[in-house]
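Chain residues, written in single-letter form:
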Amino acid sequence: MLATGTTAFARIDSFKALLNIDFTWLTGISLGIVLTGSIYISGFWCRYFCPQGAFLGLVSKISYFKLRFGTSCKYCGI
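Residues numbered from 1 in each chain as written. Predicted model: local features only at pLDDT ≥ 70, side-chain atom pairs only at ≥ 80, totals over all residues. Heavy atoms only, no water.

Details of the overall build of the protein
Turning to step 1, where the next piece is worked out: Check the secondary structure of the protein and you find four helices and zero strands.
Turning to step 2, where the next piece is worked out: Shown N-terminal to C-terminal, the secondary structure of the protein runs as helices and strands in the order α-α-α-α.
Turning to step 3, where the next piece is worked out: When the 78 residues of the protein are sorted by exposure, 9% land in the buried category.
Turning to step 4, where the next piece is worked out: Accessible surface for the protein amounts to roughly 7500 Å². Of this, 68% is attributable to carbon and sulfur atoms. (Helix = DSSP H or I, 4+ residues; strand = E, 2+ residues; numbered from the N terminus. Buried < 20%, exposed > 50% of the residue type's maximum accessible area, 1.4 Å probe, protein only. Areas by Shrake-Rupley, 256 points an atom, 1.4 Å probe, with all protein chains shown as cover.)

Put into structure tokens, the structure is as follows:
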């Protein structure tokens with residue numbers, strides 16, 4: 001970041017791409033899918049389309065630090 005003056009994910013930043021792209025029928029359909037999916041599924045963009053989220057999801061699979069439950073936990077989902 002110090003050498004280039006930009007962040008590592010600047011080229012694939014989803015918000016920058018959304019705001020700086022020409023609006024065509026393809027972008028309209030894509031935006032409609034993301035907005036509709038976001039109504040019904042929490043974190044729809046982050047789970048299914050965000051490249052940074054996909055990368056972090058893969059890294060978390062091989063993480064040394066994992067959430068562990070005690071023996072008294074009843075797996076209630078909280």
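Notes on the confidence of the model for the protein
Turning to step 1, where the next piece is worked out: Mean pLDDT over the protein works out to 76, with 71% of the residues at or above the 70 mark.
Turning to step 2, where the next piece is worked out: No element of the protein has a lower mean pLDDT than helix H1 (residues 14-19), at 64, and none a higher one than helix H2 (residues 25-40), at 86. (pLDDT = per-residue confidence, 0-100.)

Topic: H2
Given 3.6 residues to a turn, an α-helix orients residues that are three or four positions apart in the same direction.
Turning to step 1, where the next piece is worked out: Over its 16 residues, H2 runs 23 Å from end to end, which matches the ideal 22 Å to within 8%, given 1.5 Å per residue.
Turning to step 2, where the next piece is worked out: Within the span of H2, buried status applies to Thr-27, Val-34 and Gly-37. All buried residues of H2 project into a common sector of 100 degrees when viewed along the axis, lining one side. Facing away from the buried side of H2, by more than 90 degrees, are the exposed residues Trp-25, Leu-35, Ile-39 and Tyr-40. (Expected span 1.5 Å × (residues − 1). Arc of directions from axis to C-beta.)

Some words on the packing of aromatic side chains
Turning to step 1, where the next piece is worked out: Tallying each qualifying case throughout the model produces three aromatic pairs.
Turning to step 2, where the next piece is worked out: Members of the aromatic cluster, connected to one another through ring pairs, are Phe-44, Trp-45, Tyr-48 and Phe-49. (Phe/Tyr/Trp six-rings, centres within 6.5 Å; stacked < 30°, edge-to-face > 60°.)

A word on a nonpolar patch on the surface
Turning to step 1, where the next piece is worked out: A cluster of nonpolar side chains, namely Trp-25, Leu-26, Ile-29, Ile-33, Ile-39, Tyr-40, Ile-41, Tyr-48 and Phe-49, defines an oily patch on the protein surface of about 1100 Å² accessible area.
Turning to step 2, where the next piece is worked out: Among the elements that take part in the nonpolar patch, H2 stands out by supplying six residues, more than any other.
Turning to step 3, where the next piece is worked out: Structurally, Ile-41 is set in the loop between H2 and helix H3 (44-48). (Patch = residues over 30% accessible without salt bridge, like charges linked within 9 Å, V, L, I, M, F, W, Y side chains within 5 Å. Salt bridge = Lys/Arg side-chain N within 4 Å of Asp/Glu carboxyl O.)

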